[in-house]
2 protein chains.
Amino acid sequence: MRTRPLKVALLGCGVVGSEVTRILTTQADDLAARIGAPVELAGIAVRRPHRVREGVPAELLTTDATALVKRGDIDVVVEVIGGIEPVRTLITTAFEHGASVVSANKALLAADGANLHARAVENGVDLYYEAAVAGAIPLIRPLRESLAGDKVNRVLGIVNGTTNFILDKMDSTGAGYSEALDEATALGYAEADPTADVEGFDAAAKAAILAGIAFHTRVTIDDVHREGLTEVTAGDIASARKMGCIVKMLAICERSADGRSVTARVHPAMIPLSHPLASVREAYNAVFVEAEAAGRLMFYGRGAGGAPTASAVLGDLVAACRNKLAATTGAGESAYAQLPVSPMGDVVTRYHISLDVADKPGVLAQVATVFAEHGVSIDTVRQQSRNQGGGDEGAVEQGAGGGRREGGEASLVVVTHRAQDAALSATVSSLRKLDTVRGVASIMRVEGE
Amino acid sequence: MRTRPLKVALLGCGVVGSEVTRILTTQADDLAARIGAPVELAGIAVRRPHRVREGVPAELLTTDATALVKRGDIDVVVEVIGGIEPVRTLITTAFEHGASVVSANKALLAADGANLHARAVENGVDLYYEAAVAGAIPLIRPLRESLAGDKVNRVLGIVNGTTNFILDKMDSTGAGYSEALDEATALGYAEADPTADVEGFDAAAKAAILAGIAFHTRVTIDDVHREGLTEVTAGDIASARKMGCIVKMLAICERSADGRSVTARVHPAMIPLSHPLASVREAYNAVFVEAEAAGRLMFYGRGAGGAPTASAVLGDLVAACRNKLAATTGAGESAYAQLPVSPMGDVVTRYHISLDVADKPGVLAQVATVFAEHGVSIDTVRQQSRNQGGGDEGAVEQGAGGGRREGGEASLVVVTHRAQDAALSATVSSLRKLDTVRGVASIMRVEGE
């Protein structure tokens, strides 16, 4: 084994950074044996150097991140700060000074990954970011390397633990969205400002990264269609159960049927209870991959948290260090396919639509005509008169969003066959214009079949 | 991109080899783009060159595998023949002639992996074998690379599709072992001679490979404790259900509590229905990994079949080719920890024991005394008199192995707390000697809690 240590600089020392420091210290011998040389933590850039950080050597702390990455003797920079700037500049500066970079920064990678990869190649160093998607779950390396000889057609994932926790609570307790969010916040699963999670920004960044790797194409967060889960109601969850489904917040990356384009999107959707993703509970993440030869694969584990994220960071760090020792670099960006990313309207999917309609003859015929006019084929229709009382209580709940009116109102639940999202969307617009349709209580896509 | 192609030799052209050939041909452009150079299939060694193989170029076939691997211009040899010899000699010859090797050969790797790795290192080439364990599921690369900065404490896997299919049938239909095996054979999930699968040899080879990688220690198939599933009865399955469990054939690799040794074993066991492995149906495989920082991870997919296995082979082939182009090698064997592999007696686990006992006062006290004498703590006991009739039918079934006798027989089901397997085993031996114990109907370990 080489005795001269590899030098590592750490940018950021919050929950993940502290855990990385702890493992680098306590597992030093194992890491050295696996890498073939010892690893030395050479400096830690933080904003508040006087904050107490247990187990973090105070003498390594500095507020000057730029000077740290410019030292010239750093082999690998580990970045766990997050956000676009100043991180992007720090990373490119590290590249220019000969350091490989391990990052957990999904926002930056989803915004500017291609540029960063190019800079890494120019400087003959590695850029790894397993921790950026689904925390501890090995996902980027398996997609980039293990499936390098296969053709991935679809990636379907629960990649945000906060929203999975919220939906799981709603499903298991019957709670509404706000109540479930409150519990997630109280337990530390949701941040004080939960926007990035509940509006799907976090998942969209991950979807962009996954789609790019899976389809050998550049995909940024701007290419990802995004819908949050704030409008999902207890009625939607009950309605999903009624058709043997569960509501999950999904990141979906798909190759089109003709293989000539791809799509990436994030939104709540119903999936069958029999689907492996349906049983992913609490804040766990799981990603389902469909590849031509491999078939259906699933990767499951903790998507966030200090230790799980540190596990992914350390795995990348070992790889970057091994490459440094061997004076080589690992598999980098692969974007040769350059497939166009199609808009949401081109996605082929199914809709579950709950309508509040007038309870009189001919309404179903009117509604069915609208679907037919848009070329959307109906799979099932369930009709429930509100005035009959009793009966199918669940169906009544689905109209909860629209309130309950006197005198002849019914609820109509339509599930379509697969059709283009644009046609489904246009169908809903036309339905809203019908006199007999009092309101569209909910619309949700049905996936994973 | 380099225009001179990398040359690949294929050893074996059965189900997997044909699929590898098909993908190398149909996905040639994609593979070339991902590798950075085209790949040329230079020769295919087969035993029966005149057999019709659709899509396989007849001019590439040869019966002289040795000459093929000795050509000197082969960059990567793909071995999908299986068995120990002549494959071992072919692989080492390939190494000596500068070729990296991609193998799907679990038996050879589990028997002689350390030697093969050493030969690969001597010759500066790669040895990859993702396809040897759990088919298409990326497992070896994630364990070896993604978790390289973590400490794996346990690997718990369903790594044999045939036995999972049999147990799944028994569970879902109430069929006995023979009936379920017949169905597996009829559907092509079991071979004409199912010994390697049902006696656990196949799973034991995989357990050896997984344990070796997970614990950075050399483990061979001889180190793996192995029990088949041929004695699992419909009663065992029903009994498992009664305690909220399901019976699965598991490969279990564990680090001891003090971290100073490891164990590897393959046997049927009960796991809780809430465990992620419990829902793995049909011939699917899944491997559950517990690591210190990452927490609980699961990898799920198809464990066998031509296309899934070819996916794993091709992923390795791309990696081996990239390394050839970069004149480097990837992460090889890591066995620095050299932890001793402890015998089965040292394993700490729980037992579920069904006893046929005399139905008279004092029996339970006698039985409980035997457990206490061996230092084994009892978790639950369920007693059922046979003469009362009706009642708990399931409990009566558990005694099916021992037949039903007249005059005061009862069934006693004991579930223990965790104890050393040696103590549990000695307890059972002592129980058999009790006059009041007419027979031990079944013993099964309880895992995954």
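Conventions adopted
- Residues numbered from 1 in each chain as written.
- Chains lettered and ligands numbered in written order.
- Predicted model: local features only at pLDDT ≥ 70, side-chain atom pairs only at ≥ 80, totals over all residues.
- Heavy atoms only, no water.
- Helix = DSSP H or I, 4+ residues; strand = E, 2+ residues; numbered from the N terminus.
- Rg over C-alpha atoms; globule rule 2.2 N^0.38 Å.
- Buried < 20%, exposed > 50% of the residue type's maximum accessible area, 1.4 Å probe, protein only.
- Contact = heavy atoms within 4.5 Å.
- UniProt positions renumbered as here; feature names shortened; annotations may be inferred.
- Polar contact = N/O pair within 3.5 Å; in protein donor to acceptor, adjacent residues only side chain to side chain.
- Pairing = 2+ DSSP bridges.
- Axes fitted to C-alpha atoms, helices over the stretch in contact; angles between N-to-C directions.
- Least-squares fit on C-alpha atoms with pLDDT ≥ 70 in both.
- Domains from an automatic or database assignment.
- Buried area = accessible area lost by both parts, 1.4 Å probe.
- Salt bridge = Lys/Arg side-chain N within 4 Å of Asp/Glu carboxyl O.
- Nonpolar A, V, L, I, M, F, W, Y, C, P; charged D, E, K, R; others polar.
- Phe/Tyr/Trp six-rings, centres within 6.5 Å; stacked < 30°, edge-to-face > 60°.
- Lys NZ or Arg CZ within 6 Å of the ring centre and 35° of its normal.
- pLDDT = per-residue confidence, 0-100.

A.B. asks: Describe the overall build of chain A, with residues and values.
C.D. replies: The number of helices and strands found in chain A is 15 helices and 17 strands. Relative to the compact-globule value of 22 Å for 449 residues, chain A shows a C-alpha radius of gyration of 25 Å, a close match. Judged by the C-alpha coordinates and their principal axes, chain A covers about 85 × 45 × 35 Å. Per-residue burial over chain A gives 58% buried out of 449 residues. Put simply, of all contacts in chain A between residues at least 6 apart along the chain, 75% involve residues at least 24 apart.

A.B. asks: Describe the UniProt feature "active site" (unreviewed entry) in chain A, with residues and values.
C.D. replies: Residues and elements named next belong to chain A. Residues annotated by UniProt as "active site" (unreviewed entry) correspond here to Lys206. The topology assignment puts Lys206 in helix α10 (residues 201-215). Exposure remark for Lys206: the relative accessible area of 6% places this residue in the buried category. Apart from the residues within four sequence positions on either side, Lys206 is in contact with Lys106, Ala132, Val133, Ala134, Val159 and Asn160. Only 2.7 Å separates the side chain of Lys206 from the side chain of Asp202, close enough to count as a polar contact.

A.B. asks: Could you give me a rundown of the sheet that holds strand β2 (residues 39-45) of chain B, with the residues and numbers involved?
C.D. replies: All names here are of chain B. Taken together, 6 strands build an open sheet; the order of strands is β3-β2-β1-β4-β5-β6 and the sheet is parallel. Only two strands of the sheet have a single partner each, and these edge strands are β3 (61-62) and β6 (127-128). For strand β1 (residues 6-11) and strand β4 (residues 76-79), the ladder comprises 4 bridges, and the chain directions are parallel. In the strand pairing of β4, Val8 is matched with Val76. Contacting β1, β2, β4, β5 (100-103) and β6, helix α12 (residues 306-325) runs over the sheet at an angle of about 170 degrees to β5.

A.B. asks: Please provide a residue-by-residue account of the relation of the copies chain B and chain A, values included.
C.D. replies: Of the transformation placing chain B onto chain A, the axial shift is 0.0 Å and the rotation is 180 degrees, giving an RMSD of 0.0 Å. Each copy turns onto its partner about a two-fold axis. When C-alpha positions in chain B are compared against the rotation axis, the closest is assigned to Phe299(B), at 2.4 Å. Of all interface residues in chain B, 100% are interface residues in chain A too; the two copies therefore contact each other through one and the same surface.

A.B. asks: Lay out the UniProt feature "binding site: L-homoserine" (unreviewed entry) in chain A with the relevant residues and their values.
C.D. replies: Residue and element names in this part refer to chain A. Within this numbering scheme, the UniProt entry marks Glu191 as carrying the feature "binding site: L-homoserine" (unreviewed entry). For Glu191, a relative accessible area of 56% corresponds to the exposed category. In this structure Glu191 touches Thr185 and Asp197, once residues within four positions along its chain are discounted.

A.B. asks: Describe the domain arrangement of chain A, and please don't skip the residues or the numbers.
C.D. replies: All names here are of chain A. Each domain of chain A was delimited in the assignment, giving domain 1 (6-135 + 306-325), domain 2 (140-302) and domain 3 (348-446). Relative to domain 3, the C-alpha centre of domain 2 lies at a distance of 26 Å. The interface of domain 2 with domain 3 comprises 15 residues on the first partner and 13 residues on the second. A combined buried area of about 1,200 Å² lies between domain 2 and domain 3, and 55% of that area is made up of carbon and sulfur atoms. The largest per-residue losses of area from domain 2 upon contact with domain 3 belong to Lys242, Met243 and Met270, which jointly make up 41% of the total buried on that side. Scanning the region where domain 2 abuts domain 3 turns up 1 salt bridge. The tally of links between domain 2 and domain 3 comes to 4 residue pairs in polar contact (both at pLDDT 80 or more). Of all the elements in the fold, those that place two or more residues in the side of domain 2 that touches domain 3 are α11 (234-242) and β10 (262-272). A per-class count over the side of domain 2 that touches domain 3 returns 7 nonpolar, 4 polar and 4 charged.

A.B. asks: Describe the packing of aromatic side chains, listing the residues and the values that go with them.
C.D. replies: Summed over all chains, the structure comprises 5 aromatic pairs over all chains. Seen from their ring centres, Phe299(A) and Phe299(B) are 6.1 Å apart, and the 80 degrees between their planes marks the pair as edge-to-face. You can see Phe299(A) sitting in strand β12 (residues 295-302) and its partner Phe299(B) sitting in strand β12 (residues 295-302), one on each of two chains. No difference in accessibility class separates Phe299(A) from Phe299(B), as the two residues are buried. Geometry around Tyr128(A) places Arg141(A) over its ring, the cationic atom sitting 5.6 Å from the centre.

A.B. asks: Before we move on, could you go through the pairing of β12(A) and cite the residues and values that matter?
C.D. replies: With 6 of 8 residues buried, β12(A) lies mostly within the body of the structure. Sheet analysis places strand β11 (residues 284-291) of chain A next to β12(A), joined by 8 bridges and oriented antiparallel. In the sheet register, Ala291(A) faces β12(A), and the bridge partner there is Gly295(A). The hairpin turn running from β11(A) into β12(A), its antiparallel successor, is 3 residues long. In this structure, β12(A) lies alongside β12(B), joined through 3 bridges in antiparallel fashion. In the sheet register, Met298(A) faces β12(B), and the bridge partner there is Tyr300(B).

A.B. asks: Describe the confidence of the model for chain A, and please don't skip the residues or the numbers.
C.D. replies: Per-residue pLDDT for chain A has a mean of 93; in total, 95% of the residues score no lower than 70. Ignoring residues within four places in sequence, the model shows residues 388-406 of chain A, a span with pLDDT below 50, making 30 contacts including any to other chains.

A.B. asks: Now, about the sheet that holds strand β5 (residues 100-103) of chain A: what can you tell me, with residues and values included?
C.D. replies: Residue and element names in this part refer to chain A. If you walk across this open sheet you meet the 6 strands as β3-β2-β1-β4-β5-β6, and the pairing is parallel. Looking at the sheet topology across the chains shown, the edges are occupied by β3 (61-62) and β6 (127-128). Where strand β1 (residues 6-11) meets strand β2 (residues 39-45), 6 bridges bridge the pair, whose relative direction is parallel. Directly across from Leu11, in β2, lies its bridge partner Ala45. Together, β1, β2, β4 (76-79), β5 and β6 form the strand contacts of helix α12 (residues 306-325), whose direction differs from that of β5 by roughly 170 degrees.

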